[in-house]
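Structural overview
What follows is each chain in one-letter form.
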Amino acid sequence: MDAEQVVDTPVIVARRAGDGWVLHRDGVEPTYVGRLDGAVERGRIMMEAAKIPGAERSAVLKIDLGDELNQHVRASTQATVDAHKAQVAAAAQLRRTAAVLKERGLTGRDIAHVLGVSPQRVSQLLNGPHARG
């Protein structure tokens, strides 16, 4: 293979079967694994034996739980991402608010009472690595 040729990482699809999982890949005989933690390596070996390009390096595992459960997984994963973004935004807003209160002459203890946090947290908000961000 030439250096310019790029081979996509092969994909293995895992579908629930009984107490385990069946690994699928077009052109390769499906194989059963008991748990997902060994599925990528097992699928990679399976594809390498079938001479699937790229399998000697790595493989990607796609888990297919069916439309309904796949949608639940996507929704809950997105909710987690959204919650993290909201938490980061809230922390930035709290830092800005603490700084404005400090600029208006409130003491650290007064800021703590206003914001409902400890004086130590106010110190972190005003002096931490993100304080002037």
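So, a few notes on the structure that sits alongside this text. (Residues numbered from 1 in each chain as written. Predicted model: local features only at pLDDT ≥ 70, side-chain atom pairs only at ≥ 80, totals over all residues. Heavy atoms only, no water.)

Some words on the environment of Leu23
Note on placement: Leu23 falls in strand β2 (residues 20-25). Beyond its immediate stretch of four places on either side in the chain, Leu23 contacts Ile12, Val13, Ala14, Pro30, Thr31, Val33, Ala39, Arg42, Gly43, Met46 and Leu61. (Helix = DSSP H or I, 4+ residues; strand = E, 2+ residues; numbered from the N terminus. Contact = heavy atoms within 4.5 Å.)

Considering unusual backbone geometry
With a phi close to 60°, Lys51 is a non-glycine residue in the positive phi region. By relative accessible area, which is 72% here, Lys51 ends up exposed. (Buried < 20%, exposed > 50% of the residue type's maximum accessible area, 1.4 Å probe, protein only.)

Regarding a nonpolar patch on the surface
A cluster of nonpolar side chains, namely Ile63, Leu65, Leu69 and Val73, defines an oily patch on the protein surface of about 300 Å² accessible area. Its place among the elements puts Leu69 in helix α2 (residues 67-103). (Patch = residues over 30% accessible without salt bridge, like charges linked within 9 Å, V, L, I, M, F, W, Y side chains within 5 Å. Areas by Shrake-Rupley, 256 points an atom, 1.4 Å probe, with all protein chains shown as cover. Salt bridge = Lys/Arg side-chain N within 4 Å of Asp/Glu carboxyl O.)

A word on the packing of α2 against helix α3 (residues 108-115)
Two numbers describe how α2 lies on α3: the axes approach to 10 Å, and their chain directions differ by 135°. By the angle between their directions, the pair α2 and α3 is classed as oblique. The interaxial crossing formed by α2 with α3 has right-handed handedness. Packed against α2, whose contacting residues are Leu94, Thr97, Ala98, Leu101 and Lys102, the element α3 presents Ile111, Val114 and Leu115 at the interface. Considered class by class, the residues forming the contact of α2 with α3 number six nonpolar, one polar and one charged. (Axes fitted to C-alpha atoms, helices over the stretch in contact; angles between N-to-C directions. Parallel < 35°, antiparallel > 145°, perpendicular 65-115°, else oblique. Left-handed = near helix turned anticlockwise from the far one by under 90°. Nonpolar A, V, L, I, M, F, W, Y, C, P; charged D, E, K, R; others polar.)

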